Amino acid sequence: MINYKHEPFTDFSVEENKQAYLEALKKVESQLGADYPLIIGGERITTEEKIVSYNPAKKTEVIGSVSKASKDLAEKAMQEADKAFKSWKKVKPEIRADVLFKAATIIRRRKHEFSAWLTKEAGKPWNEADADTAEAIDFLEYYGRQMLEMKDGRKVESRPNEYNRYDYIPLGIGIVISPWNFPFAIMAGTTVAAVVTGNTVLLKPASTTPVVAYKFIEVLEEAGLPKGVVNFVPGSGAEVGDYLVDHPKTRFISFTGSRDVGLRINERASKLSPGQIWIKRVIAEMGGKDTIVVDKDADLELAAQSIVKSAFGFSGQKCSACSRVVIVKDVYDQVVNRVEELTKSLTIGDPSDNNNFMATVIDSAAFKKISEYIEIGKTEGRLVAGGTADDSVGYFVHPTVFADVDPEARIMKEEIFGPVVAITKADSFEEAIDIANNTEYGLTGAVITNDRMNLEYAREEFHVGNLYFNRGCTGAIVGYQPFGGFNMSGTDSKAGGPDYLTLHMQAKTTSEAF
Ligand SMILES: NC(=O)c1ccc[n+]([C@@H]2O[C@H](COP(=O)([O-])OP(=O)(O)OC[C@H]3O[C@@H](n4cnc5c(N)ncnc54)[C@H](O)[C@@H]3O)[C@@H](O)[C@H]2O)c1
Ligand SMILES: N[C@@H](CCC=O)C(=O)O
């Protein structure tokens, strides 16, 4: 792709960068508690009912209060999106791409400010927030360029006296439903993929992180996006989510979130609503139960470091997080001991303080669910580290490691989505890969080995959408490691990959005889 390079990560050991982030945090702190309206057809609409967004590390601190869309307002947004589609679909792809490039530039100028919102609203430590913002910029730069490459369609053959073309045209109105764990990157990436391809959007962000989404819509407006192309409609998943998914004018749904909600959307979207004249397209990126496999011939320090970073980065709240480890028996004790040491040395606390490696989980429901899994883990394995939690100030769950877990145990099979990792032993490398595959998910996985033949075996047999060798299993980069999973991890749409935009368009063949 022409001139695309991913956004570099900030080095916070450089004093200037550290000071800039502290300034950004101060700026954001001075703006906490504001009210944010819905944006429908460019109009700001304030509702009585609000979604209140809190800081998970200081659970009484209000980040902002966001108006909440009702079904009536969702319907109004649908009408506005329908109206805007008629003109937006005719806007040249170059101009649509330009809006993305300008938005990327605006965000780059305010990079630490956006990251500071993520630290406050999602509890992201500095490096995790910085990576989330960098990924949002990457999506804008990458999808903008990809649209320029696709704007004239693909080449097909013509014959004498016949001219054939194969062009991509937009689909229509897309419902974008995004998760809280990458509240900037995934929300922005899924929105702009739909927009740059000529569609209009109703964006329903996650209810725990709506403020950063509002800030992003402001950037799109500043970059020149016409009214009604993206409509901001935060609301209850069950009420507004179902209404929009079922709506006959909905042409496609781009969902990222849990398995259960993804399956529900897929099922509802398959039912015809009165007046509907198409089969709705569903892009669904869902959960994971991701494994790191450690071979006997491996760099064991690299293995332990990769496990700890992948399991506990952003408190394990990544669909890509390492939540299971399979170690070949010859090196099992060594690796478990080192994982224990590293885990016990992690610093935990408020993410505004960059000395803390790990902060909180997102909210009280997550805190409760993860705490319950820790209790289940105590009956299913040997507690090696952590096992405690404290929600007196914020939702802190301590990084937890269980060893000697049976491959069939619940903590080995169910997505916990928190800082909990389960370790099991395998007799051989082949058995380790079998255990890794023994889950309904298939998102990410990693193999740590120096054995070339075993790497090749894993390349064929380890059934995941993103497979990594001799590194951890998180941190895919847009345009470098297209991201998406198999089986119950979703529709393998591969966000940030060369095929992603085609999912938002339909191809039209024209053949002219002359
Ligand atoms: N595969 C990926 O690329 C990827 C990326 C990030 C997160 N995830 C997954 O997301 C989950 C965590 O995110 P979450 O807790 O926000 O997930 P979630 O499924 O609870 O919510 C995701 C979004 O769906 C909305 N929603 C809830 N019920 C709905 C309904 N009935 N109709 C329409 N929308 C509805 C929510 O409000 C939110 O905006 C984890 O399972 C994680 O693995 C996957
Ligand atoms: N793309 C991210 C995960 C996104 C889901 O949570 C990664 O590769 O770690």
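Predicted, not measured: the structure shown is a model, and the values here were computed from it.

S.K.: I would appreciate a short explanation of the overall build of the chain in the present structure.
M.R.: When you go through the chain residue by residue, the secondary structure sums to 15 helices and 23 strands. Taken over the C-alpha trace, the chain has a radius of gyration of 23 Å; the compact-globule value for 514 residues is 24 Å, and the two agree within 12%. By principal-axis analysis of the C-alpha atoms, the chain measures approximately 70 × 60 × 50 Å. Counting every atom, the chain has about 20,400 Å² of accessible surface; 51% of that belongs to carbon and sulfur. The positive charge centre, built from 61 side chains, and the negative charge centre, built from 73, are 6 Å apart in the chain.

S.K.: What's the story with the sheet that holds strand β18 (residues 420-426) in this structure? I'm lost.
M.R.: Strand pairing in a sheet relies on backbone hydrogen bonds. The paired strands run either parallel or antiparallel. Reading across from one edge, β14-β17-β18-β13-β12-β20-β21 is the order of the seven strands in this open sheet, with mixed pairing throughout. Only two strands of the sheet have a single neighbouring strand rather than two, namely β14 (382-385) and β21 (466-469). When strand polarity is set aside, the average angle formed by the axes of neighbouring strands in this sheet is 20°. Relative to β18, strand β13 (residues 322-328) runs parallel, the two sharing five bridges. Paired with Val-328 across the bridge in β18 is Ala-426. On top of the sheet, helix α14 (residues 429-437) reaches β12 (290-294), β13, β18 and β20 (444-448); it is set at about 160° to β13, its chief contact. Sheet strands touched by helix α15 (residues 452-461): β20 and β21. Its angle to β21, the strand with the most contacts, is close to 175°.

S.K.: Explain the site of ligand 2 to me, please; I cannot follow it from the model alone.
M.R.: Around ligand 2, the neighbouring residues are Asn-181, Phe-182, Lys-318, Cys-319, Ser-320, Thr-474, Gly-475, Ala-476 and Phe-483. Residue Cys-319 places a main-chain N or O atom 2.8 Å away from an oxygen atom belonging to ligand 2. Taking Gly-475, its main chain carries an N or O atom lying 2.8 Å from an oxygen atom of ligand 2. Here ligand 2 has 280 Å² of accessible area as a free molecule, and 95% of this is covered by the chains. Taken together, the residues that form the shell around ligand 2 break down as four nonpolar, four polar and one charged.

S.K.: Looking at this structure, how should I read the domain arrangement of the chain?
M.R.: It is common to give the size of an interface as the accessible area lost on bringing the parts into contact. According to the domain assignment, the chain contains domain 1 (37-286 + 492-513) and domain 2 (290-477). Taking the mean C-alpha position of each, domain 1 and domain 2 sit 31 Å from one another. Between domain 1 and domain 2, the contact holds 22 residues from the first and 32 residues from the second. When residues of domain 1 are sorted by the area they lose upon contact with domain 2, Ala-57, Lys-59 and Trp-180 head the list and together hold 25% of the total. Viewed at the interface, domain 2 and domain 1 are joined by two salt bridges. Across the pair Glu-128 and Lys-318 runs a salt bridge, and its minimum N-O distance is 2.9 Å. Taken together, the links from domain 1 to domain 2 amount to 10 residue pairs in polar contact (both at pLDDT 80 or more). Looking at the side of domain 1 that touches domain 2, the elements with two or more residues in it are β5 (58-67), α4 (111-122) and α5 (126-150). Split by residue class, the side of domain 1 that touches domain 2 holds eight nonpolar, four polar and 10 charged.

S.K.: Explain the state of the cysteines here, please?
M.R.: Such a bond, covalent and formed between the sulfur atoms of two cysteines, is termed a disulfide. If you walk through the whole model with that rule in mind, you get zero disulfides. You can see Cys-473 has no disulfide; the closest cysteine sulfur is in Cys-322, sitting 4.9 Å from it. Overall, Cys-473 belongs to the buried group, its relative accessible area being 0%.

S.K.: Can you help me understand the site of ligand 1 in this one?
M.R.: In the neighbourhood of ligand 1, 28 residues make up the surrounding shell, with Ser-178, Trp-180, Ser-258, Met-286 and Glu-415 lying closest. Lys-204 places a side-chain nitrogen or oxygen 2.8 Å from an oxygen atom of ligand 1. Within the complex, 88% of the 850 Å² of free accessible area of ligand 1 lies under protein. Only α8 (237-246), β10 (250-256) and α9 (259-269) provide two or more residues apiece to the shell around ligand 1.

S.K.: Hey, could you run me through the sheet that holds β5 in this one?
M.R.: Spatial ordering of the open sheet is given by β1-β5-β4, a layout of three strands whose pairing is mixed. In this open sheet, the two strands that pair with only one neighbour each are β1 (34-36) and β4 (50-55). On average, adjacent strands in this sheet sit at an angle of 35° to one another, irrespective of strand direction. Relative to β5, β4 runs antiparallel, the two sharing six bridges. Note on β5: the bridge partner recorded for Ile-51 is Val-66. Here helix α7 (residues 210-222) sits on the sheet and contacts β1, β4 and β5; the angle it forms with β5, its principal contact strand, is near 40°.

So, how was this worked out
Residues numbered from 1 in each chain as written. Chains lettered and ligands numbered in written order. Predicted model: local features only at pLDDT ≥ 70, side-chain atom pairs only at ≥ 80, totals over all residues. Heavy atoms only, no water. Helix = DSSP H or I, 4+ residues; strand = E, 2+ residues; numbered from the N terminus. Rg over C-alpha atoms; globule rule 2.2 N^0.38 Å. Areas by Shrake-Rupley, 256 points an atom, 1.4 Å probe, with all protein chains shown as cover. Lys, Arg positive; Asp, Glu negative; His and termini not counted. Charge placed at Lys NZ, Arg CZ, Asp CG, Glu CD. Pairing = 2+ DSSP bridges. Axes fitted to C-alpha atoms, helices over the stretch in contact; angles between N-to-C directions. Contact = heavy atoms within 4.5 Å. Near = heavy atom within 4 Å. Polar contact = N/O pair within 3.5 Å; in protein donor to acceptor, adjacent residues only side chain to side chain. Nonpolar A, V, L, I, M, F, W, Y, C, P; charged D, E, K, R; others polar. Domains from an automatic or database assignment. Buried area = accessible area lost by both parts, 1.4 Å probe. Salt bridge = Lys/Arg side-chain N within 4 Å of Asp/Glu carboxyl O. Disulfide = S-S within 2.5 Å. Buried < 20%, exposed > 50% of the residue type's maximum accessible area, 1.4 Å probe, protein only.

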